[in-house]
Amino acid sequence: DAGVIQSPRHEVTEMGQEVTLRCKPISGHDYLFWYRQTMMRGLELLIYFNNNVPIDDSGMPEDRFSAKMPNASFSTLKIQPSEPRDSAVYFCASSMTGTGVRYEQYFGPGTRLTVT
Amino acid sequence: EDQVTQSPEALRLQEGESSSLNCSYTVSGLRGLFWYRQDPGKGPEFLFTLYSAGEEKEKERLKATLTKKESFLHITAPKPEDSATYLCAVFAGFQKLVFGTGTRLLVSP
């Protein structure tokens, strides 16, 4: 399997611009997670989906952030408008539930976002 | 509130010098504890899952153990390629993981 795929790998944008991050989970996985990693706060869960449905978005910092999962193989995280404090590495992860499989999450390579 | 604290923040070892990393946690109803390895510029890589106190898992030079309050990642005779940040996370239900801030390990030849 190709693993979790994220694009772009790097994104540099100016304050106020819209940013869209993309993720393709591992085929067959029914959970998808969006995380943000910074030096100060470490890895923080932003939102997660089960079978394409958002389950918990309590980690989304504010209304400028939104996430969608239109089908089982694609999700987006959008920031509009972007601010310098959004600069971080954003990770997508996926996991699978089922007999004999419990909770391990597999991460993508991340998108490094810089907002100037 | 579920919390994970890792220590030390950073650790420098000589090749072959064994040591342990600590992960202490407070969670209501632990359903699993995870160890990940993260290399610079990459996503966390899954290493181990531990589910109950007394459980141990091993992989090459790494051994993870779990008690009711903490977990240890023992590194035996480390090599430079073991240099990475090691992350601990607890699974507290509803598929959510709470991560610690990690231990940065540097193994010098």
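Reading the values: rules and limits
- Residues numbered from 1 in each chain as written.
- Chains lettered and ligands numbered in written order.
- Predicted model: local features only at pLDDT ≥ 70, side-chain atom pairs only at ≥ 80, totals over all residues.
- Heavy atoms only, no water.
- Helix = DSSP H or I, 4+ residues; strand = E, 2+ residues; numbered from the N terminus.
- Rg over C-alpha atoms; globule rule 2.2 N^0.38 Å.
- Buried < 20%, exposed > 50% of the residue type's maximum accessible area, 1.4 Å probe, protein only.
- Contact = heavy atoms within 4.5 Å.
- Areas by Shrake-Rupley, 256 points an atom, 1.4 Å probe, with all protein chains shown as cover.
- Lys, Arg positive; Asp, Glu negative; His and termini not counted.
- Charge placed at Lys NZ, Arg CZ, Asp CG, Glu CD.
- Disulfide = S-S within 2.5 Å.
- Buried area = accessible area lost by both parts, 1.4 Å probe.
- Salt bridge = Lys/Arg side-chain N within 4 Å of Asp/Glu carboxyl O.
- Polar contact = N/O pair within 3.5 Å; in protein donor to acceptor, adjacent residues only side chain to side chain.
- Phe/Tyr/Trp six-rings, centres within 6.5 Å; stacked < 30°, edge-to-face > 60°.

**Q** So what exactly am I meant to see when it comes to the overall build of chain B here?
**A** Each helix and strand counted, chain B has zero helices and eleven strands in total. The linear arrangement of helices and strands in chain B, starting from the amino end, is β-β-β-β-β-β-β-β-β-β-β. Over its C-alpha trace chain B gives a radius of gyration of 13 Å, about what one expects of a compact globule, namely 13 Å for 109 residues. With respect to the three principal axes, the spread of C-alpha positions in chain B is 40 × 30 × 20 Å. In chain B, which comprises 109 residues, the share counted as buried stands at 49%. Within chain B, counting contacts between residues at least 6 apart in sequence, those at least 24 apart form 54% of the total. When the accessible surface of chain B is summed, it comes to about 5,400 Å², and 49% of that surface belongs to carbon and sulfur atoms. Of note, chain B has its 13 positive side-chain charges centred 3 Å away from the centre of its 14 negative side-chain charges.

**Q** Looking at this structure, I do not really get the overall build of chain A. What am I missing?
**A** Per the secondary structure count, chain A includes zero helices and eleven strands. Its helices and strands taken in sequence order, chain A reads β-β-β-β-β-β-β-β-β-β-β from the N to the C terminus. Whereas a compact globule of 116 residues would reach a radius of gyration of roughly 13 Å, chain A reaches 14 Å, a difference of no more than 12%. The principal-axis extent of the C-alpha atoms belonging to chain A is close to 45 × 25 × 25 Å. Here chain A, with 116 residues, has 48% of them falling under the buried criterion. For chain A, the exposed area adds up to about 5,800 Å²; of that, 50% sits on carbon and sulfur atoms.

**Q** Whenever I open this one, the state of the cysteines confuses me. Can you help?
**A** Each disulfide consists of one covalent bond between the sulfur atoms belonging to two cysteines. All names here are of chain B. Here the structure, examined in full by the defined rule, presents two disulfides over all chains. With a sulfur-sulfur separation of 1.9 Å, Cys23 is cross-linked through a disulfide to Cys88. Because the sign of the S-S torsion sets the handedness, a value of about -60° for the bond joining Cys23 and Cys88 places this disulfide among the left-handed ones. Of this pair, Cys23 sits in strand 3 (residues 19-26) while Cys88 sits in strand 9 (residues 84-91), and the two are 65 residues apart along the sequence. What makes Cys23 buried here is its relative accessible area of 0%.

**Q** What is the right way to read the environment of Phe74 of chain A from this model?
**A** Residues and elements named next belong to chain A. Topologically, Phe74 is positioned in strand 8 (residues 74-79). Judged by its relative accessible area of 30%, Phe74 is partly exposed. Here the alpha-carbon distance between Phe74 and Thr114, two residues 40 residues apart in the chain, equals 23 Å. In this view, Phe74 contacts Arg22, Cys23, Pro25, Lys68 and Met69; residues no more than four positions away in its chain are not counted.

**Q** Quick question: what am I supposed to make of the interface of chain A and chain B here?
**A** One widely used convention gives an interface's size as the accessible area the parts lose upon coming together. In this assembly, 21 residues from chain A lie in contact with 18 residues from chain B. Summed over both partners, the interface of chain A with chain B comes to about 1,700 Å²; 55% of that surface belongs to carbon and sulfur atoms. Inspection of the region where chain A meets chain B yields one salt bridge. Put simply, Lys96 of chain B and Asp56 of chain A hold a salt bridge, and the shortest N to O gap is 2.9 Å. Summed over the shared surface of chain A and chain B, the result is five residue pairs in polar contact (both at pLDDT 80 or more). Of all the secondary structure elements, the ones that give two or more residues to the side of chain A that touches chain B are strand 4 (31-38), strand 5 (42-50), strand 9 (88-95) and strand 10 (106-107) of chain A. Ranked by residues supplied to the side of chain A that touches chain B, first place goes to strand 4 of chain A with four residues.

**Q** Sorry if this is basic, but what is going on with the packing of aromatic side chains here?
**A** By convention here, two paired aromatic rings are described through the distance between centres and the angle between planes. Enumeration according to the criterion identifies 14 aromatic pairs over all chains in this entry. With a centroid separation of 5.2 Å and an interplanar angle of 40°, the aromatic rings of Tyr35 of chain A and Phe107 of chain A are classed as tilted. Highlighted residues: Tyr35 of chain A in strand 4 and Phe107 of chain A in strand 10, separated in sequence by 72 residues. Overall, the relative accessible area of 0% leaves Tyr35 of chain A in the buried class. The exposure class of Phe107 of chain A is buried, given its relative accessible area of 11%. Between Tyr36 of chain B and Phe99 of chain B, the ring centres sit 5.7 Å apart and the planes meet at 50°, which makes this aromatic pair tilted. Taken together, the positions of Tyr36 of chain B in strand 4 (residues 33-38) and Phe99 of chain B in strand 10 (residues 97-99) put the pair 63 residues apart, joining distant regions of the chain. With a relative accessible area of 0%, Tyr36 of chain B lands in the buried category. Taken together, the ring pairs in this structure connect Tyr31, Phe33, Tyr35, Tyr48, Phe91, Tyr106 and Phe107 of chain A together with Phe34, Tyr36, Phe46, Phe91 and Phe99 of chain B into an aromatic cluster.

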